[in-house]
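One letter stands for each residue in the lines below.
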Amino acid sequence: MAETETPKRSPEIRKDKIHNRWVLFSPARSRRPSDFKAKSNPQPKNQTKCPFCAGHEHECAPEIFRVPEHSTNDWKIRVIQNLYPEVSRELDFQNTLVTVVGDVAVSGFGFHDVVIESPVHSVNLSDLSPVQVGEFLLASKKRIEQLRNCESIKYVQVFKNHGASAGASMSHSHTQIIALPIVPPTVSARLDSMMEYYKQTGKCSLCDIQPNEFLIDESAHFISLVPFAATFAFEIWIIPRDHSSHFHEIDSEKAIDLGGLLKLMLSKMSLQLNNPPFNLLIHTSPFQDDPSHAPSTHWFIQIAPHLSGVGGFEIATGCYINPVFPEDAAKILRDVRISN
């Protein structure tokens, strides 16, 4: 059957009420939305002796814990220190700011860990079963709860880079966790924007979302959608139905439920977009957040495919250009059929 041409649209500028920023939708840049696929997704070079594979555990930085806890050669998940950390757990964090002619700096204290999702080199996160993806999420939750015990840590970012152009340096599927003694400005801006929405409406901005034509799929405890002002073409958010400020509040039942929906979204995206490079981000709240912020803050997962580069306009303005309208992207992803 011949594909129906997508009606031409005029450019549109939409406000992202979660992050308080604008996104320019410019269909003149695009082909038909269904034609979008990654041209190529070069993976980091395969190591002949990958330290993340089973049998090479001794080549890694120190292990923090594994799943199952007392497993030997039959482990499913390992959480280890990063061999080349961006921050150092060895430093003493000083609350006193160092100021030199108006510039401010603190020591580079923090934690940088790696979650190895499988002992098998060729297995991606989307290849795991819903229960196994749920176990990965629970391992991330466990590590976050451990990091909460460090009084100096204020924020933890869980992120996954898939593909070399998305920042992955190793081809063995893994996720990273960085714990910081500061709250990053983008996080603060998101929380402030969500608080402002709550003050104006009395509602949480994520609880108040009406998915409608933006919905991709849903489960008992989560919904997946393309956000109204998606920064990236075919960007996906997975949002808890129940209001919750912190990812680490997830329980086992919800983790397995989320595992199924996350696996489905990754599979749909891979099939439709030719296994694109992407970043998977868990947006949560700071540990020591003001209790008055609780009604307005709501954690969620963002999956951002890399289908086009960032140009000077985006860097200069912070206003991204997206060539695919979110409702079109949502329909295409809804229609992707995954064989069991």
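Relevant structure appears above.
Residues numbered from 1 in each chain as written. Predicted model: local features only at pLDDT ≥ 70, side-chain atom pairs only at ≥ 80, totals over all residues. Heavy atoms only, no water.

Draft legend 1. Layout of the sheet that holds strand β7 (residues 111–116). Ordered by their spatial adjacency, ten strands build an open sheet running β3-β4-β7-β9-β8-β13-β14-β12-β11-β10, and the pairing between neighbours is antiparallel. The outermost strands of the open sheet, each flanked by one partner alone, are β3 (63–67) and β10 (215–218). The average angle at which neighbouring strand axes cross in this sheet is 20°, direction not considered. The sheet contacts of helix α1 (residues 130–147) involve β3, β4 (77–81), β7, β8 (155–162) and β9 (174–180), and relative to β3 the element is tilted by about 145°. (Pairing = 2+ DSSP bridges. Helix = DSSP H or I, 4+ residues; strand = E, 2+ residues; numbered from the N terminus. Axes fitted to C-alpha atoms, helices over the stretch in contact; angles between N-to-C directions. Contact = heavy atoms within 4.5 Å.)

Draft legend 2. Inspection of the nonpolar core at higher detail. Within the largest apolar cluster, 52 residues are counted, with the highest numbers of intra-cluster contacts made by Phe234, Ile238, Leu262, Leu280 and Ile303. Beyond its immediate chain neighbours, meaning those up to four positions away, Leu262 contacts Leu125, Val133, Leu137, Ile238, Leu280 and Ile303. Listed in part, the twelve residues of the second largest apolar core include Cys204, Ile209, Ile223 and Phe300. (Core = buried A, V, L, I, M, F, W, Y, C linked by side-chain atoms within 4.5 Å. Buried < 20%, exposed > 50% of the residue type's maximum accessible area, 1.4 Å probe, protein only.)

Draft legend 3. Highlighting the layout of surface pockets. In this structure, the largest pocket spans a volume of roughly 490 Å³. What lines the largest pocket is a set of 20 residues, among which Gln157, Thr186, Leu281, His283 and Gln302 lie closest to the centre. Elements supplying a minimum of two residues to the lining of the largest pocket: β8, β9, α2 (185–201), β13 (278–283) and β14 (300–305). Class assignment for the residues of the lining of the largest pocket results in ten nonpolar, eight polar and two charged. Considering only enclosed or pocket space, the second largest pocket measures out at about 320 Å³ in volume. Taken together, 17 residues form the lining of the second largest pocket, with Phe52, Asn82, Tyr84, Ser169 and Met170 sitting closest to its centre. Every element with two or more residues in the lining of the second largest pocket is listed here: β4, β7 and β9. Its residues assigned to classes, the lining of the second largest pocket comprises nine nonpolar, six polar and two charged. (1 Å grid on protein atoms, 1.4 Å probe; cavity = no way out; pocket = protein on both sides within 12 Å on 5 of 7 lines; lining within 4 Å. Points joined across faces, edges and corners; volume = space filled by probe spheres on them. Nonpolar A, V, L, I, M, F, W, Y, C, P; charged D, E, K, R; others polar.)

That is the geometry; function is a separate question.
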